Amino acid sequence: MSDTEQGAAGDKRKKSKFPDFVPPTKIAYASDTKGGTTLHLRRCTLTLLGPDGRAIKEYSFEKEEVSVGAMSDNDVVVKDQTASRYHAKIVQESSGYVLVDLRSTNGSFVNKVRIREAFLTPGTTIAIGQTRFRFNAQEEQVAIVPSSADRCGDIIGGNAGMRQLYSIIEKIAPTATTIVIEGETGTGKEVVAQSVHKLSPRAKGPIIIFDCGAVPPNLIESELFGHEKGSFTGAVMTRQGLFEMADGGTLFLDELGELPIDLQPKLLRVLENREVRRVGSSKSTKVDVRIIAATNRNLEDEVKAGNFRQDLFYRLSVVRVRLPALRERTDDIGLLVSHFLEHQRYNRTPSGEKRSRGISPAALQVLQRYNWPGNVRELVNVIERAVSFCEDGIIEPQDLPEHLLSAQPMQVTPYQPPMTDPDSTVGTGVSLASEAPRPPADLVSGEVTFKDAKEKWVSAFERDYIISLLKRHDGNISHAARESDIDRKYFRKLMKKYDIDAAIGKEA
């Protein structure tokens, strides 16, 4: 158990052993009268047994896969001449743990029966060569109590939904659990991934970030898995893929919903086997990588629409957390603005002094009544603009963009934890409601499917947003992409998608 888990005050814990089944790691909301959120952590132990059956050493794992063999890079190293270099592995599946023999010379045995694959139950005896282990598995239930802190790692916010997210991050960061972060564009999903990495045992390893929507589909396979020299036109040298570069660390797959469906089986294979094969190579390379993925799409809807593989969805969705939109936590805006003014470079003069010392209550009220379709990313851009307009060291309403000043006040309901089936795997959904912009009547008339209506509304927003940025920057793509915090290549991709002229920022 990690120090974070041992020291968490107020956590209600319950450890129980199951004869045949240990539930997978997941987040669930309790359906009792008290409500609340429970994190179910699954872990397994291997106890090395001596010739007399006494316990010699215990290994504890929260990993999805545990390797056993004679080589030093195995999770459990067996110092036994009868053990193969990579003898067997224990795989965590949704229905339990499975022991898989890796074509070892002398075989793997479960309760003295030689197996190729076998489900493991608590108390089972495993023999690897002449070395014996006792297998055990247990579930730890941790009641999630919102943290008292107003930040976690690089994440800023004291809202109740954010503080609940902090508690979950503190529990799952020390594990090797795969995480999917859901949330709208600009909410800070990459910041959450960075924070999870910094709080994990992999903090000294690399964190590699890959935006699935910013790379042409024909290059994604090479980017992720690498390629050999001459494997395709333009492959003038051998190149490592991002999985190999992230070995021993974390790979953050941003905008996972944009991954082409023909590449999804290859990603699934890497996740299951923990080995990659470069394009044009016949040799596989083992990798030890934690996967954190993010998406602004509803992957369940994408699965139903046939755009995302169901098996990959379930493989990735070990723990799913939802990052609330900024309009759902407007009480955090003051804290965020103070953080930006303290740490962002745009608020410093060449001599290092602050350009703006703070924000007036009237200006803060304007920020809190705005809907923030671009979320925290948009707030950063608004504050940068305000700093450049600010004259007396305090940001006033006149320093803010006109569209914020004319915004209608939002109606926000008090925070209430969602109530769902306790066996369902869900995220850290926040039920703060606000009055969001309404789509045109023809899209909500019922004559258009949900998927088509959503795509048309999102497309309309993307088109108007790109045109507005280009007009503001006189058609300068680099400046527009920088303000929107969008990769320049992806910005061009959006321009091409909506047939927008780069020079004048108008429809061609």
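Structural data are supplied above this passage.
To keep things clear, this report deals only with the structure shown in the data block. (Residues numbered from 1 in each chain as written. Predicted model: local features only at pLDDT ≥ 70, side-chain atom pairs only at ≥ 80, totals over all residues. Heavy atoms only, no water.)

So, the sheet that holds strand 23 (residues 290-295)
Taken in spatial order, the five strands line up as 17-20-23-16-24 in an open sheet, and their pairing is parallel. Only two strands of the sheet have a single partner each, and these edge strands are strand 17 (207-211) and strand 24 (319-322). When strand polarity is set aside, the average angle formed by the axes of neighbouring strands in this sheet is 20 degrees. When strand 17 meets strand 20 (residues 250-254), the two strands line up parallel, connected through five bridges. Counted as the bridge partner of Phe 210 is Leu 253 from strand 20. (Pairing = 2+ DSSP bridges. Helix = DSSP H or I, 4+ residues; strand = E, 2+ residues; numbered from the N terminus. Axes fitted to C-alpha atoms, helices over the stretch in contact; angles between N-to-C directions.)

Let's talk about the packing of helix 9 (residues 333-343) against helix 11 (residues 375-389)
With their axes 11 Å apart at the nearest point, helix 9 and helix 11 run at an angle of 55 degrees to one another. Taken together, the axes of helix 9 and helix 11 lie oblique to each other. Pair helix 9 / helix 11 crosses with right-handed handedness. Of the residues in helix 11, those in contact with Ile 333, Leu 336, Val 337, Phe 340 and Leu 341 of helix 9 are Val 376, Leu 379, Val 380, Ile 383 and Val 387. (Parallel < 35°, antiparallel > 145°, perpendicular 65-115°, else oblique. Left-handed = near helix turned anticlockwise from the far one by under 90°. Contact = heavy atoms within 4.5 Å.)

Re the sheet that holds strand 7 (residues 88-93)
Strand order in the open sheet formed by five strands is 6-5-7-8-11, with mixed pairing between adjacent strands. Sheet topology places strand 6 (76-77) and strand 11 (117-120) at the edges, where each strand pairs with a single neighbour. As judged from the six bridges shared by strand 7 and strand 8 (residues 96-101), these two strands associate in the antiparallel manner. When the bridges of strand 8 are listed, Lys 89 appears paired with Val 100.

Examining the side chain of Asp 399
Along the chain, the position of Asp 399 falls in the loop between strand 26 (394-395) and helix 12 (402-405). In this structure Asp 399 is buried but unpaired, with Arg 385 as the nearest side chain of opposite charge at 7.2 Å. Reaching out from Asp 399, the side chain makes a polar contact with the backbone nitrogen of Glu 396 at a distance of 2.9 Å. In contact with Asp 399, other than residues within four places in its own chain, are Arg 385, Ala 386, Phe 389, Cys 390 and Ile 394. (Buried < 20%, exposed > 50% of the residue type's maximum accessible area, 1.4 Å probe, protein only. Lys, Arg positive; Asp, Glu negative; His and termini not counted. Salt bridge = Lys/Arg side-chain N within 4 Å of Asp/Glu carboxyl O. Polar contact = N/O pair within 3.5 Å; in protein donor to acceptor, adjacent residues only side chain to side chain.)

Examining the pairing of strand 5 (residues 65-69)
Counting buried positions over the five residues of strand 5 gives five, a clear majority of the element. A two-sided burial pattern is seen for strand 5, the buried positions comprising Glu 65, Ser 67 and Gly 69 on one face and Val 66 and Val 68 on the other. Pairing geometry for strand 5 and strand 7, over four bridges, is antiparallel. In the strand pairing of strand 7, Ser 67 is matched with Lys 89. Inspection of the sheet shows strand 5 paired to strand 6 by two bridges, in the parallel sense. The partner of Val 68 across the bridge, within strand 6, is Val 76.

Regarding the nonpolar core
Residues Phe 243, Leu 251, Leu 253 and Leu 256 are the most contacted members of the largest nonpolar core, which totals 31 residues. Put simply, the parts of the chain that give this core at least two residues each are strand 17, helix 4 (217-225), helix 5 (242-245), strand 20, helix 6 (264-273), strand 23, helix 7 (299-304) and helix 8 (310-316). Among all residues touching Phe 243, those that are not within four sequence positions of it are Leu 224, Phe 225, Leu 251, Leu 267, Val 270, Val 276, Val 287, Val 289 and Ile 291. Membership of the second largest hydrophobic core comes to 25 residues, among which are Tyr 346, Val 376, Val 382 and Ile 383. (Core = buried A, V, L, I, M, F, W, Y, C linked by side-chain atoms within 4.5 Å.)

Digging into the side chain of Thr 131
On the secondary structure map, Thr 131 appears in strand 13 (residues 131-144). Separated by 2.9 Å, the side chains of Thr 131 and Asp 80 make a polar contact. In this structure, Thr 131 is in contact with Leu 48, Val 78, Asp 80 and Ile 126, ignoring residues within four places of it in sequence.

Let's talk about helix 15 (residues 488-497)
Of all the residues in helix 15, the buried ones are Phe 491, Leu 494 and Met 495. Here the buried residues of helix 15 occupy an arc of 100 degrees about the axis, which is enough to place them on one side. In helix 15, the exposed positions that point more than 90 degrees away from the buried face belong to Lys 489, Lys 496 and Lys 497. Once helix 15 ends, the next one or two residues include Asp 499, with phi positive near 55 degrees. (Arc of directions from axis to C-beta.)

Considerations on the packing of aromatic side chains
The final tally for this structure, using the stated rule, is five aromatic pairs. Between Tyr 97 and Phe 135 the ring centres are 5.5 Å apart and the planes differ by 65 degrees, which places this aromatic pair in the edge-to-face class. Taken together, the residues Tyr 97 in strand 8 and Phe 135 in strand 13 connect sequence positions 38 residues apart. The pair Tyr 97 / Phe 135 is uniform in exposure class, with both members buried. Over the ring of Tyr 86 we find Lys 286, and its NZ or CZ is 5.6 Å from the ring centre. (Phe/Tyr/Trp six-rings, centres within 6.5 Å; stacked < 30°, edge-to-face > 60°. Lys NZ or Arg CZ within 6 Å of the ring centre and 35° of its normal.)

A look at the environment of Glu 255
For Glu 255, the location among the structural elements is in the loop between strand 20 and helix 6. Taking C-alpha positions, Glu 255 is 9.6 Å from Glu 182, a pair spaced 73 residues apart along the chain. Aside from chain neighbours lying at most four places away, what touches Glu 255 is Thr 185, Asp 211, Cys 212, Gly 213, Ala 294, Thr 295 and Asn 296.

Section: the environment of Tyr 86
Among the secondary structure elements, Tyr 86 is positioned in the loop between strand 6 and strand 7. Residue Tyr 86 is classed as partly exposed on the basis of its relative accessible area of 27%. When the C-alpha atoms of Tyr 86 and Asp 73 are compared, they prove to be 9.2 Å apart, with 13 residues separating the residues in sequence. In this structure Tyr 86 touches Val 68, Met 71, Asp 73, Asn 74, Leu 102 and Lys 286, once residues within four positions along its chain are discounted.

Remarks on the pattern of salt bridges
A side chain with one charge may pair with a side chain of the opposite charge, provided their charged atoms come close. According to the stated counting rule, one finds 21 salt bridges in the structure shown. Note that Glu 65 is salt-bridged to Lys 89, the shortest N-O span being 4.0 Å. A residue pair is termed long-range when its members are at least 10 positions apart, and Glu 65 in strand 5 and Lys 89 in strand 7 qualify at 24 residues. Each member of the pair, Glu 65 as well as Lys 89, is classed as buried. Two residues, Arg 463 and Asp 464, come together in a salt bridge whose shortest N-O distance is 2.8 Å. Three or more residues joined by partner-sharing salt bridges are found here, namely Glu 182, Glu 300 and Arg 320.

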